[in-house]
Amino acid sequence: MPVGVPDLGGEVGTAPGMTPYVVAGAFGLLDRMLMPMSGRGAGPDARVPAIIRWMAELSASYFDDWYSASLASPHDGRSSRFLQLPEGVCSNSSLPGPGLDDVVRELESISGGHVVDLGCGRGHLSVEIARRVGCRVTGIDFSRIAIEAARRRGASAAVDAAFQVADMRSTGLPDHCADAVVSIDAMYFPRPLSAVTAECGRLLRGGGRLIATGWEPVDREPRLPAALQAAGFINVRVHDRPAWSAIERERWIGLLEVSNSTGDPSLAADQTEATSVLAEFDQRRRVMVTAVTVPRSL
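Residues numbered from 1 in each chain as written. Predicted model: local features only at pLDDT ≥ 70, side-chain atom pairs only at ≥ 80, totals over all residues. Heavy atoms only, no water.

*Asks:* How do you make sense of the overall build of the protein chain when you look at a structure like this?
*Replies:* Looking only at helices and strands, the protein chain has 12 helices and 9 strands in total. The buried share of the protein chain, reckoned over its 298 residues, is 54%. A separation of at least 24 residues holds for 75% of the contacts in the protein chain among residues at least 6 apart in sequence. Summed over its atoms, the accessible surface of the protein chain is roughly 12,300 Å², and 52% of this surface lies on carbon and sulfur atoms. (Helix = DSSP H or I, 4+ residues; strand = E, 2+ residues; numbered from the N terminus. Buried < 20%, exposed > 50% of the residue type's maximum accessible area, 1.4 Å probe, protein only. Contact = heavy atoms within 4.5 Å. Areas by Shrake-Rupley, 256 points an atom, 1.4 Å probe, with all protein chains shown as cover.)

The structure is reproduced here in structure tokens:
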């Protein structure tokens, strides 16, 4: 069944005959979501409401198709070398190797503790975090296909990692079970954002850490810090990461240079996304957001 493709005029159109995966990759849509709309108000809902609404309606079955196409592609893992990720680490996010290093450094004090990874996808980065930090990781994603792949990855790596199908807004995990919550390029997608930040606060023990990577518009106040503060987080900081952006740009350029002589639909979708992302690349900035829950003694 074809899905609606956002039209920047504010309406939702259709793309007859196109699969959800070919319509657009999930991460390229964020760029459109952050684009300012002329003639709109100045509040947070001014950012392309039709796009945001469409993103919120994407279902687990959409991402099951998306991950299935990626896993079946002969070019699977194509982005890893462009993103400078460790050998054998495949990711559907745009976090580069130096970004993974930054996240691991933020988690060094959690060695031996429990980290929840929201929007873990296929689990490659979750497994890397478990291995390098020396912690237990629980990965959450609402795609059954992604979680099945993550479980295989965790079993082959022999790390302390478990993966379960759940919505990051309501994970079903116990209260205050985590020493840290991580979300790699995923927290910005679900609506409302306040539901995600509230769930993070529920999961974390007092003094627990949150690390989220993503994108913010260059000409507006960032959205995630305000949502975290409203959820009771303290020490909320936005760390600009222009070096990540430079590597990400090279990733998209590199994907456009990959030959697709076999007509691989997964690669074709990535290349379509690359064209769109590069056209709007300078309208966003790459960030890592960190925050802490209030210690229970305070």
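*Asks:* Is there a simple way to explain the environment of L100 in this structure?
*Replies:* Along the chain, the position of L100 falls in helix α6 (residues 97-106). Look at L100 and you get buried, because its relative accessible area is 0%. Separated by 25 residues in sequence, L100 and L125 have C-alpha atoms that sit 7.8 Å apart. Not counting the four nearest positions on each side in its chain, L100 is found in contact with P86, L95, L125, E128, I129 and R132.

*Asks:* Would you explain the pairing of strand β6 (residues 178-184) in this entry?
*Replies:* A regular strand places its side chains on the two faces of the sheet in alternate fashion. Counting buried residues in β6 gives 6 out of 7 residues, a clear majority hidden from the surface. Pairing analysis gives 3 bridges linking strand β3 (residues 114-118) to β6, with the strands arranged parallel. Within the sheet, the bridge partner assigned to V116 lies in β6 and is V181. As judged from the 6 bridges shared by β6 and strand β7 (residues 204-217), these two strands associate in the parallel manner. Its bridge partner lying in β7, A180 is registered against R209. Regarding the hand of the β-α-β motif, the stretch spanning β6, helix α9 (residues 193-203) and β7 is right-handed. (Pairing = 2+ DSSP bridges. Right-handed = clockwise from strand over helix to strand, strands pointing away.)

*Asks:* Which parts of the structure should I look at to understand helix α8 (residues 144-157)?
*Replies:* Given 3.6 residues to a turn, an α-helix orients residues that are three or four positions apart in the same direction. In this model, α8 (14 residues) spans 20 Å end to end at C-alpha, consistent with the 20 Å of a helix rising 1.5 Å per residue. Listed in full, the buried residues belonging to α8 are I145, A146, I147, A149, A150 and G154. A158, located one to two residues past α8, shows a positive phi value of around 55 degrees. (Expected span 1.5 Å × (residues − 1).)

*Asks:* Where do I start with the pattern of salt bridges in this structure?
*Replies:* When the charged atoms of two side chains lie near each other, side chains of opposite charge can form a pair. Scanning all chains against the criterion turns up 18 salt bridges. The partner of R202 in a salt bridge is D175, and the shortest N-O contact between them spans 2.5 Å. With R202 in helix α9 and D175 in the loop between β5 (161-165) and β6, the pair connects residues that are 27 residues apart, well separated along the chain. Classification of R202 as partly exposed rests on a relative accessible area of 24%. Within this structure, D101, E128, R131 and R132 form a network of salt bridges that share partners. (Salt bridge = Lys/Arg side-chain N within 4 Å of Asp/Glu carboxyl O.)

*Asks:* Can you help me understand the packing of aromatic side chains in this one?
*Replies:* The relation between two aromatic rings is expressed through the spacing of the ring centres and the mutual angle of the planes. Using the criterion set out here, one finds 4 aromatic pairs in the structure. Aromatic pair Y62 and F63: ring centres 5.0 Å apart, planes at 70 degrees, arrangement edge-to-face. Exposure remark for Y62: the relative accessible area of 4% places this residue in the buried category. Plain terms: the ring middles of W66 and Y67 are 5.1 Å apart, the flat faces sit at 85 degrees to each other, and that makes the pair edge-to-face. For the pair shown, W66 and Y67 are each scored as buried. In textbook terms, an aromatic cluster arises when at least three aromatic residues are bridged by ring pairs, as seen for Y62, F63, W66, Y67 and F142. We note R251 situated over the ring of W252; from NZ or CZ to the ring centre the distance is 4.1 Å. (Phe/Tyr/Trp six-rings, centres within 6.5 Å; stacked < 30°, edge-to-face > 60°. Lys NZ or Arg CZ within 6 Å of the ring centre and 35° of its normal.)

*Asks:* Please explain unusual backbone geometry as it appears in this structure.
*Replies:* Cis peptide bonds are those with omega within 30 degrees of zero, and the linkage from R191 to P192 qualifies with -10 degrees. Of note in this structure, N235 is not a glycine but carries a positive phi near 50 degrees. By the secondary structure assignment, N235 is in strand β8 (residues 234-240).

*Asks:* How should I be thinking about the environment of T290 in this particular structure?
*Replies:* Mapped onto the fold, T290 is located in strand β9 (residues 284-292). Expressed as a C-alpha distance, the spacing of T290 and L228, which sit 62 residues apart in the sequence, is 9.6 Å. Excluding residues that lie within four positions of it along the chain, T290 makes contacts with E106, R209, L210, I211, N235, V236, R237 and H239. A polar contact of 2.8 Å, which involves the side chain of T290, links it to the side chain of H239. (Polar contact = N/O pair within 3.5 Å; in protein donor to acceptor, adjacent residues only side chain to side chain.)

*Asks:* Help me out: how do you make sense of the side chain of D185 in this one?
*Replies:* Its place among the elements puts D185 in the loop between β6 and α9. Among the polar contacts made by the side chain of D185, one reaches the main-chain amide nitrogen of S94 at a distance of 3.0 Å. There is a polar contact of 2.7 Å between the side chain of D185 and the side chain of R286.

*Asks:* Looking at this model, I keep getting lost on the sheet that holds β5. Mind explaining?
*Replies:* Sheet strands line up and pair through hydrogen bonds in the backbone, either parallel or antiparallel. Across the sheet, 7 strands lie side by side as β5-β4-β3-β6-β7-β9-β8; this open sheet has mixed pairing. Single-partner strands in this sheet number two, and they are β5 and β8. Sheet twist, expressed as the mean angle between neighbouring strand axes with direction ignored, is 15 degrees. Of the strands in this sheet, β3, β4 (136-141), β5 and β6 are in contact with helix α7 (residues 124-134), which crosses β4 at around 165 degrees. Its contacts with the sheet put helix α10 (residues 223-230) on β7, β8 and β9, and the angle it makes with β7 is roughly 160 degrees. (Axes fitted to C-alpha atoms, helices over the stretch in contact; angles between N-to-C directions.)

No statement about biological role is implied by the geometric values presented.
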